[in-house]
Structures are given as structure tokens and as C-alpha cells.
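# Residue-level structure breakdown
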Amino acid sequence: MELHIEDKKSLILAAYGKIPCDLAVTNIQLLNVFSGEVYPATVYIKGKFIAHVDIHNEPITKDKALKVLDGNQSFLIPGLIDAHEHIESSMMTPRNFAASVIVHGTTTVVTDPHEIANVYGLDGVRYMHDAASDVPMRQFIDIPSCVPAVPQMECAGADFTFEDILEVVDLPRVIGLGEVMDFVSVASAQDRMMNMIDTAKQHDLYIQGHAPFVSGRMLSAYICAGPKTCHESRSSEEAKEKLRNGMYVDARESSISKNVKAVWDGVKHMKFHDQLTLCTDDKEADDILHKGHMNDVVRSAIQAGMDPILAIRCATLHTAREIHAENLGAIAPGYIADFLLVDSLENIKPSHVFFEGELVAKDGKLCKEIEKKVYDLEQQNSVHIDYVKKEDLYVKAPIHEGKVMVNVMKYKTLTLSSTECIQIELQVKNGHIILDDPDLKFVAVIHRHNKIQRMSLGIVKGFGTVKGALASTVSHDSHNVTVVYDNVEDAWIALQELVSCKGGMSAVLDQKVLHTLALPLAGLMSLKSAEALSEDAKKMKEANRKLGLTQMENPLLRIVTLALPVVPEIKMSDTGYVDVFKREHIPLFVNI
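Bear in mind the structure is a predicted one, so any value in this text is a computation, not a measurement. The written sequence of each chain sets the order in which its residues are numbered from 1. The predicted origin of the model limits local features to residues at a pLDDT of at least 70 and limits the giving and counting of side-chain atom pairs to 80 or more, whereas totals for whole chains, interfaces and linings rest on all residues. Neither water nor hydrogens contribute to the side-chain values; these are computed over all heavy atoms in the structure.

### Focus: the overall build of the protein
Put simply, DSSP H or I for four residues or longer makes a helix, DSSP E for two residues or longer makes a strand, and each gets a number counted from the N terminus. Counting secondary structure elements, the protein contains 16 helices and 29 strands. Only the C-alpha atoms count toward the radius of gyration. The rule for a globule is 2.2 Å times the residue count to the power 0.38. For 592 residues, the compact-globule formula gives about 25 Å, and the C-alpha radius of gyration of the protein, at 25 Å, lands near that figure. Reported as C-alpha extents along the three principal axes, the dimensions of the protein are approximately 90 × 50 × 45 Å. With a 1.4 Å probe rolled over the protein chains alone, any residue whose accessible area is under 20% of its type maximum counts as buried; one over 50% counts as exposed, and the rest are partly exposed. Within the protein, the proportion of its 592 residues that are buried is 63%. In what follows, a contact means two residues having at least one pair of non-hydrogen atoms within 4.5 Å. By sequence separation, contacts in the protein at least 24 residues apart represent 70% of the contacts at least 6 residues apart. Residue-level accessible areas treat just the shown protein chains as cover; the underlying method is Shrake-Rupley with a 1.4 Å probe. Accessible area for the protein stands at about 22000 Å²; split by element, carbon and sulfur atoms hold 49% of it. Residues counted as positive are Lys and Arg, residues counted as negative are Asp and Glu, and His and the chain ends are not counted. Here the site of a charge means atom NZ of a Lys, CZ of an Arg, CG of an Asp or CD of a Glu. Put simply, the protein has 61 plus and 80 minus side-chain charges, and the middle of one group is 3 Å from the middle of the other.

### Thoughts on the packing of helix H9 (residues 236–244) against helix H10 (residues 260–267)
Note on definitions: angles span 0 to 180 degrees between N-to-C directions of axes, and those axes are lines fitted to C-alpha atoms, for helices only across the stretch in contact. For the pair H9 and H10, the least separation of the axes is 7 Å and the interaxial angle reads 55°. Classified by the angle their axes make, H9 and H10 are oblique. Along this stretch, H9 crosses H10, giving a crossing that reads as right-handed. Taken together, the residues of H10 that come into contact with H9 (itself represented by Ser236, Ala239, Lys240 and Leu243) are Ala262, Val263, Asp265, Gly266 and Val267. Classification used: nonpolar for Ala, Val, Leu, Ile, Met, Phe, Trp, Tyr, Cys and Pro, charged for Asp, Glu, Lys and Arg, polar for all others including Gly. Among the residues making up the contact of H9 with H10, the classes are represented as five nonpolar, two polar and two charged. Here is the rule for angles: anything less than 35 degrees is roughly parallel, anything more than 145 is roughly antiparallel, 65 through 115 is roughly perpendicular, and the remaining ranges are oblique. Note on convention: the crossing is left-handed when the near helix lies turned anticlockwise from the far helix by less than a right angle, right-handed when the turn is clockwise.

### Looking at the pairing of strand E12 (residues 248–252)
Most of E12 is tucked away, with five of its five residues classed as buried. Neither face of E12 is exposed, since Tyr248, Asp250 and Arg252 on one face and Val249 and Ala251 on the opposite face are all buried. In terms of strand pairing, strand E11 (residues 229–230) meets E12 through two bridges, oriented parallel. Its bridge partner lying in E12, Cys230 is registered against Val249. When the strands point away from the viewer and the connection leading from the first strand across the helix to the second strand turns clockwise, the crossover is called right-handed. Taken together, E11, H9 and E12 constitute a β-α-β crossover, and its handedness is right-handed. Should DSSP find at least two bridges between two strands, the strands are taken to pair. Bridge count for E12 against strand E13 (residues 276–279) is four bridges, and the pairing is parallel. Residue Arg252 lies in a different strand from E13, and its bridge partner there is Cys279. Between E12 and its parallel partner E13, the chain crosses via H10, and the hand of that crossover is right-handed.

### So, the sheet that holds strand E27 (residues 570–573)
If you walk across this open sheet you meet the three strands as E27-E28-E29, and the pairing is antiparallel. The sheet is open, and its two borders are formed by E27 and strand E29 (584–586), each paired with just one other strand. Ignoring strand direction, the axes of neighbouring strands in this sheet form an average angle of 45°. Judged from the three bridges that link them, strand E28 (residues 576–579) and E29 form a sheet pairing that is antiparallel. Bridging from a neighbouring strand, Asp579 pairs with Glu584 of E29.

### So, the nonpolar core
Ranked by size, the top nonpolar core spans 131 residues in total, and within it Leu278, Ile433 and Met505 carry the most contacts. Those residues in contact with Ile433, other than ones at most four positions away along the chain, are Val395, Ala397, Val404, Val406, Leu426, Gln427, Val428, Phe442, Ile459 and Phe589. Core analysis: the second largest hydrophobic core is formed by 43 residues, Ile143, Val150, Val174 and Val566 among them. Buried Ala, Val, Leu, Ile, Met, Phe, Trp, Tyr and Cys residues that are joined via side-chain atoms within 4.5 Å together make up what is termed a nonpolar core.

### With respect to helix H15 (residues 488–500)
A helix is expected to reach a length of 1.5 Å times the quantity of its residues less one. For H15, with 13 residues, the first-to-last C-alpha span of 18 Å sits near the 18 Å given by 1.5 Å per residue. Here H15 has its buried residues at Val488, Asp490, Ala491, Ala494, Leu495 and Leu498. All buried residues of H15 fall inside an arc of 160° around its axis, so they share one side. Those residues of H15 that are buried are in contact with strand E21 (440–446), strand E23 (469–472), strand E24 (481–485) and strand E25 (504–509). Any pair of nitrogen or oxygen atoms within 3.5 Å is treated as a polar contact; in protein, a donor-acceptor pairing is required on top of that, and neighbouring residues in sequence qualify only through side-chain atoms on both sides. At the N-terminal end of H15, a side-chain oxygen is found 3.3 Å from the backbone nitrogen of Glu489, two or three residues along, and the residue is Asn487. Positive backbone phi, approximately 65°, marks Lys502, located one or two places after H15. The arc in question is the one traced by the directions running from the helix axis out to the C-beta atoms.

### Here's the deal with the layout of surface pockets
In this model, the largest pocket occupies a volume close to 620 Å³. Lining residues are defined by having an atom within 4 Å of a point belonging to a cavity or pocket. Those points lie on a 1 Å grid over the protein atoms alone, cavities being sets where a 1.4 Å probe fits but cannot get out and pockets being open sets with protein on both sides within 12 Å along at least five of seven lines. Forming the walls of the largest pocket are 26 residues, and the residues nearest its centre are Arg95, Asn96, Ala99, Lys372 and Ser529. Of all the elements in the fold, those that place two or more residues in the lining of the largest pocket are helix H2 (94–101), helix H11 (285–291), strand E17 (365–366) and helix H16 (530–546). Element by element, the count of residues in the lining of the largest pocket is highest for H2, at four residues. Elements that contribute at least two residues to the lining of the second largest pocket include exactly strand E8 (138–143) and strand E9 (174–180). Grid points are joined across faces, edges and corners, and a volume is the space filled by probe spheres set on the points.

### Looking at empty space enclosed by the protein
By rolling a water-sized probe across the atoms, one finds the places where empty space is left. Counting across every chain of the model gives three cavities of 30 Å³ or more. Approximately 180 Å³ is the volume found for the largest cavity. Among the residues making up the lining of the largest cavity, the classes are represented as four nonpolar, nine polar and eight charged. If you add up the space inside the second largest cavity, you get close to 60 Å³. Taken together, Glu88, Ser89, Met91, Glu115, Asp282, Val474, His476, His479, Leu524, Leu557 and Val560 make up the full set of residues lining the second largest cavity. Residues belonging to the lining of the second largest cavity are distributed by class as follows: five nonpolar, three polar and three charged.

### Describing the pattern of salt bridges
Here, a salt bridge means any side-chain nitrogen of Lys or Arg that lies within 4 Å of a carboxyl oxygen of Asp or Glu. A complete count under the given rule lists 36 salt bridges for this structure. One salt bridge connects Glu6 with Lys48, and the closest N-O pair in it is separated by 3.9 Å. A residue pair is termed long-range when its members are at least 10 positions apart, and Glu6 in the segment before helix H1 (8–16) and Lys48 in the loop between strand E2 (37–46) and strand E3 (49–54) qualify at 42 residues. According to the relative accessible area criterion, Lys48 is partly exposed, its value standing at 36%. A salt bridge links Lys291 to Asp287; its shortest N-O distance comes to 3.9 Å. Of this pair, Lys291 and Asp287 both sit in helix H11, four residues apart, which is roughly one turn of that helix. Classification of Asp287 by relative accessible area gives buried; the value is 8%. Here the salt bridges share partners, and the residues they tie into one network are Glu6, Lys48, Arg138, Asp338 and Glu356.

### What to know about the side chain of Ser456
Counting through the fold element by element, Ser456 comes out in strand E22 (residues 455–461). Within polar-contact distance, the side chain of Ser456 engages the backbone oxygen of Ser573 at 2.4 Å. Apart from the residues lying within four places of it in its own chain, the contact partners of Ser456 are Val443, Ala444, Val445, Met572, Ser573, Asp574, Thr575 and Gly576.

### Overview of unusual backbone geometry
Residue Asp477 is reached from His476 by a cis peptide bond, and omega for that bond is -10°. The residue Asp477 is located in the loop between E23 and E24 in this model. With an omega dihedral of 5°, the bond running from Pro568 to Glu569 counts as a cis peptide bond. Within the chain, Asp204 stands out as a residue other than glycine whose phi angle is a positive 60°. By secondary structure assignment, the location of Asp204 is in the loop between helix H7 (191–202) and strand E10 (206–209). Look at Asp204 and you get exposed, because its relative accessible area is 69%.

Everything listed is a geometric property; what it means functionally is a separate question.
Here's what the structure looks like:
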């Protein structure tokens, strides 16, 4: 894929010096991501593209460039590219997201809109595409492949097949098939996923992978099926094996999972790193506003011991090659003119951000206004749980009094989303399960997409809360309502809060609402700016901490992967407990 050059003749003539370029950026130290060198240069831009890079210090005259920008000896580097992103996880609309990340030097993201697709289907995909059509950055779209993530194990708001790919494959910025999460079906060559992958290949889409803890023969089978990337490497050994097998490893530093150091520790002794890239995956507004976006991921890579030039290369040229974008990710003739001026390669804080040859941000402020627009989908309600009654939240036992053995979903740590299944004996009174350990909580996952009336109940250990109720419509990837609670009264109040605000997150303690974060767009996103949303999110985090989530940097997103049945070993969905590897249901009660 080559980004289209509208007037190639003019670009050629400008490069040759026969007609003037639009802009010359001089007095800079150019980072060459092909050679790894840094040297003085002047960069000439014609239209949206780099025309010429001068290293001979030729005088700049009007016949060479119409405008000149003095870089004041700053470093000139390519615009940063996010290899894998869910814009919905920022909890911002595509337009507000653009306003927040451009100033940090992100000029391109590869976004998989499967969060909103699980709520609104193809209408959600079209919304994410159309809402970013005129923003001063590039939001590439990967068509969601797993809606829902695991059919038969959960029910979402849509159910994609290969035919759905054909519905949106011709959208201008569609470039790939989104993360292929159902790795068990892929490795088993099951028809649904193979039809998805084959259809994508027929339309020259690259295939984005998702293979957490997948190893050995299963990994080989998965790669043979088509996916060649993975952002789910959580350990050094996992990253090493995937890189050795020819995958692109997207080292992730999100608001939930911080894997860059573990990945780098595993691969740093390798001779080549051409297939190592960087991504954010899920980064929420408060982190973007105060820490940065891809520049923060690059910073984390450098802090982990990566050479700054390699870290920048991993966030530019490597990613462009991963997504098959031939003229993106570098500063060289014929490449698109996305670039940054920065004072330091170790701490990227751009003074100037250029997108397609135009200055779009300067000194942390946007130079190009993003017009406010309203879309029909932003006004709809997606939370349909009127069929649920308060008494439905009690976990009923198969006996009236005594003790019963139950299966419990146990988190391995307070920072990882991986879990295991354990058995615990619990008290039963008046036919209801009683929890006498503050580390145990009830869980309800409630279908909210108006397709069926169904909810499941379970018990979780090690989630992190010690009291009260925490409810959320952000619940990857089907985004049904999830509520974790120790008493029904608090849980019921939290659910009513979500209904009243059309979705979001709510924390309740002793029958008092601590805070509700309203996310009315698909129950996933706010219509507020990054600044306003950040303040709201801070209050929600503090509310989460009052419930007991004090041992993690960002408690806001703890709940969102509880119902994600593609992260081992056991998860909850609206159908009940799911064994992630076996793709089977696990009963709540043992031997009943």
C-alpha cells in the first residue's frame, strides 16, 4: 500500500529543483531511521510529501522554497505511529481523541473499532471511520474480525461474518483485518475464522493478530493461518518466541498492561529488531493528557534500556512496514511529510508537529482547528437491561442451608488480567450464597444489546475491591454490563446509575453513589473533551480506590477485561464461566 501522491509530476520537479517547494525546514538534526544516523540537513516539502533532503547546506532561495522554517538545531523525526489502538478505550470520540494525541506527536494510529462494533455492528465501524475523515491526523481502520470475540460463549450487539468485511472493505482508510482474537478457532482451522482471513487476504488487507500465552504448535498453526502480528506478549519468553517465528511483536504500554520492559528484556540480545514495534492498545484520556501517547511509549522503551534511535524507529518505520504502508514512517524523498521537531530524542516533547506537510500543532497546542460535529449514533441509547430485577442479583444455591462447593474465578495478580479457576466451599443461608471473605465478590454479567434477555452470576477472588459495588458498560469485548459487588443493594443502585446515563461506570458504597462516569456513546465513550473527561475520570478512579482498588496505578480499567473470554484461563460472559482454551462453559457449582 502506497499513500496516494495526487500530483506526482510536481513532486518530481520540486525534488529536482525545477519548481519551488512549499516549505524548507532548515537548521535541524535529522534522524534517519533507515541508517540510524543523526546529521545536519534541510528537508524540503512539496504538498503532502518530502521532496528532497539536503545534506550539503545549499543556500535556500525563493526558487527552492516558498517558506522557510528555522529548526533551531532541533531533532527532526518522523511522526509517531501507533501499531495497535482502540480509540474507544480512550473514552473519547475520534475527533476529541485526535485533538488530544496530535500535540504529543502521534500522526497515525491503526485502530480496531471492535469495541463499538460489538455494540452497534457495522454502523459503529462506519461512525469511527467517518468521524475522523477530516481530522489532521491519520486514523487507519482495521475491520473487526471477532464480533463477538468467541461465538457461542457470549452474545454481543452484532455477529460479524466474512460478508461483513465486504460491506466496509472499500472505506478509504480501511487497511487491515482487526486483531484475530479467537486463536483457538484459528489454530483449529475452523471455517468462520478462516473465511474471515481468506476474505481479508483477497482484498490485500494485512492480518492483525492477538495470541496471548500461545506457544509451540498452536502458535505455528496460528501463524500459518495468516496473522503475522501480536500485541499480547506479556513475558520475555513469549516475545522472543514470536519474534523468532517471524511475527511482528507490538510491545504494548497501555493504561492497563505495561509490557514494553518485559518484551525488550526478552529480545534485546537479538541481532535484528526490524519486526519489533510499539503500541498503546488501550490508553485512557487522563493518561494521554498528562503522560502523552506514543511519545510516552517510546519514553518507556528508552527507560527499559532501548537505544533512543531504535525506540523511535520501532514507533515509525517498523510499524509502517508492518501495515504495508510503503511511503510512511520515514523522512526521505517520496515519503509523506509527517514529522516532528523535538529538543531531545530521549524525552520526545514536540515543539512542532507536521501532518502531510502542514503545521498542525505547536508547543502543545493545536494550530489547525478540529470542527465540532454531531453524529446520529452519538445520540442513541445502547443500555437495555429493563428486564433485570433486583432479586436476580442474588446467587441462588442448589441447597437451602449448609455448605456448597463453587468454582471461583481467581485473578493471579492485581495488575494482570489473567485468571485461574479454583474451588472454594461457601456457606448457604435461605438458599443464597454467603460471602465471608472480603477478597470474594459476586459478579453479574448482563446482556444489554436488546437481542436476548440473559445474565450470568459468578464469584471472583482477587479482583481488588473489598466493599461496595462497581458496575461498567465498558466490558471487553462484547461490552455487556458487568457488576462486581458484595451486596445486592449497592449493585442495584449502580445498575440504575448506568441506565440513567446511557452507560459508563458507577461506584456505590453503603447505598451511596461515590461517582458515576457517564459514557453515553455506545456505553463506551464520552462526548467531552480530553480535559473535561480527565477530571471526570479522576473522580471515578478515586471512587474505585474507596472500594479498595488501591494497589494498582490505574484502577479505572480493572473491571473492563473481566468478561473477555480470549484472555486465559477463565472469564465470565453473559453465558456464564468460560474456559478460554477449551471453549467450554464451567458450571458455578461443583458436581451439581
